[in-house]
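Observations on the model geometry
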Amino acid sequence: MEGVLLTGTATATLEGECVRCLQQIEDEIHVTLQELYVYPDQHDKAAEHDDRDLDDETSRLEDDLLDLEPLLRDAVVLALPFQPLCMDDCPGLCTECGARLADDPDHAHDAAIDPRWAGLQQLRPDTAADPAPNQQDTQI
């Protein structure tokens, strides 16, 4: 008797990007809706008696019409995934070269040399060009 109770479902098409590998995602989302739209005269009577139950977010009928946009928008936005993924176990992108790891699961790079020790590479003799010192020359 207070108003009109709207109950239903809505389906929306989603488009976006995976947060790990940036691949395009297309999906559908289904939400259930339930909202009470109060008659304007019921709201006014309640306002005279007690304002605690009704606030600015109370949905109201306007000339026997329902405004479904706020209800649909809120329901769909709340049902959106916080971090959309193309698949549950998406490995993401390579941190060094940006290659998509799902396309090449055996993707690997040579071990990185710590820049603090990189200068020592120049001091190390090349084993192919300079043979190891002869052990017989260093006898005591």
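Look up a bit, the structure's there.
Here we summarise the structure given alongside this text. (Residues numbered from 1 in each chain as written. Predicted model: local features only at pLDDT ≥ 70, side-chain atom pairs only at ≥ 80, totals over all residues. Heavy atoms only, no water.)

Observations regarding the pairing of strand β2 (residues 24-38)
Across 15 bridges, the pairing between strand β1 (residues 3-17) and β2 is antiparallel. The residue bridging Val4 from the neighbouring strand is Tyr37, located in β2. Linkage of β1 to β2, two consecutive antiparallel strands, is achieved through a turn of six residues, within which Leu22 is found at a positive phi near 65°. (Pairing = 2+ DSSP bridges. Helix = DSSP H or I, 4+ residues; strand = E, 2+ residues; numbered from the N terminus.)

Details of unusual backbone geometry
With a phi close to 65°, Leu22 is a non-glycine residue in the positive phi region. Relative to the helices and strands, Leu22 resides in the loop between β1 and β2.

Quick look at a nonpolar patch on the surface
A cluster of nonpolar side chains, contributed by Val4, Tyr39, Leu66, Leu68 and Leu72, occupies part of the molecular surface with about 330 Å² of accessible area. You can see Leu68 is positioned in the loop between α1 (40-49) and α2 (69-79). (Patch = residues over 30% accessible without salt bridge, like charges linked within 9 Å, V, L, I, M, F, W, Y side chains within 5 Å. Areas by Shrake-Rupley, 256 points an atom, 1.4 Å probe, with all protein chains shown as cover. Salt bridge = Lys/Arg side-chain N within 4 Å of Asp/Glu carboxyl O.)

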